[in-house]
Amino acid sequence: MPILLTGLLLVLAALGGTAAYVATRNRAPASQTQLGPDKKYAALPLMTFSLGGNDARMVDVKVLLEIDPSVDGKVADPYVPRITDRLSDRMRQLDPQQLTGADGALLMKSTIAGVLDRELRGVRVREILLDRMVVR
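A quick note: this is a predicted structure, and the numbers were derived from the prediction, not measured.

Draft legend 1. Local environment of the environment of Ala-42. Relative to the helices and strands, Ala-42 is located in strand S1 (residues 40-43). For Ala-42, a relative accessible area of 1% puts it in the buried group. For Ala-42, the residues in contact, after removing those within four places along its chain, are Val-63, Leu-64, Leu-65, Ile-67 and Gly-73.

Draft legend 2. Representation of the nonpolar core. Ranked by internal contacts, the top residues of the largest apolar core, which has 24 residues, are Leu-44, Val-59, Val-63, Leu-65, Leu-87, Met-91 and Ile-112. For this core, the secondary-structure elements that each account for two or more residues are strand S2 (47-50), strand S3 (58-67), helix H3 (80-91) and helix H4 (101-119). When residues of this core are assigned to their parent elements, the largest contribution, five residues, is made by S3. When near neighbours in sequence (up to four residues on either side) are disregarded, Ile-112 contacts Val-61, Val-63, Leu-87, Ile-128 and Leu-130.

Draft legend 3. Broad picture of the packing of H3 against H4. Their axes nearest at 10 Å, the elements H3 and H4 cross at an angle of 135°. For the element pair H3 / H4, the angle class is oblique. Of the two possible hands of crossing, H3 and H4 adopt the one that is right-handed. From H3, Arg-82, Ile-83, Arg-86, Leu-87, Arg-90 and Met-91 reach across to H4, where they touch Met-108, Thr-111, Ile-112, Gly-114, Val-115, Leu-116, Arg-118 and Glu-119.

Draft legend 4. Geometry of the domain arrangement of the protein chain. You can read the domains of the protein chain as domain 1 (1-30) and domain 2 (40-135). Inter-centroid distance (C-alpha atoms) of domain 1 to domain 2 is 52 Å.

Thresholds, definitions, all that
Residues numbered from 1 in each chain as written. Predicted model: local features only at pLDDT ≥ 70, side-chain atom pairs only at ≥ 80, totals over all residues. Heavy atoms only, no water. Helix = DSSP H or I, 4+ residues; strand = E, 2+ residues; numbered from the N terminus. Buried < 20%, exposed > 50% of the residue type's maximum accessible area, 1.4 Å probe, protein only. Contact = heavy atoms within 4.5 Å. Core = buried A, V, L, I, M, F, W, Y, C linked by side-chain atoms within 4.5 Å. Axes fitted to C-alpha atoms, helices over the stretch in contact; angles between N-to-C directions. Parallel < 35°, antiparallel > 145°, perpendicular 65-115°, else oblique. Left-handed = near helix turned anticlockwise from the far one by under 90°. Domains from an automatic or database assignment.

Now the structure itself:
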């Protein structure tokens, strides 16, 4: 009985190894399997804002914008002062307690999205990524 089980395990191991070898040989190279265009990001500089509320709290934010690959990565640079000014106004309306946890990140993204929709009308922003967000 032990000899039969050992033989069965060896046959299964051989079949598994053969299947793995065939699967890796038939796989296309990485350059052919890539779907869709590359992602392109526009980086906004580190921005510091005062928050609303009774205590003098600040928030540091660094944002990456995923944009259309056909658009220049520096498309947001001329608009940074206007984006910063509008975000500063919006941040003064937020209480520091609203920026805690995952809900705080979502609130920050939606606030940034509202400003970007108004200031970068001609640029399609696919995703807003918070590279850094520190409430101090």
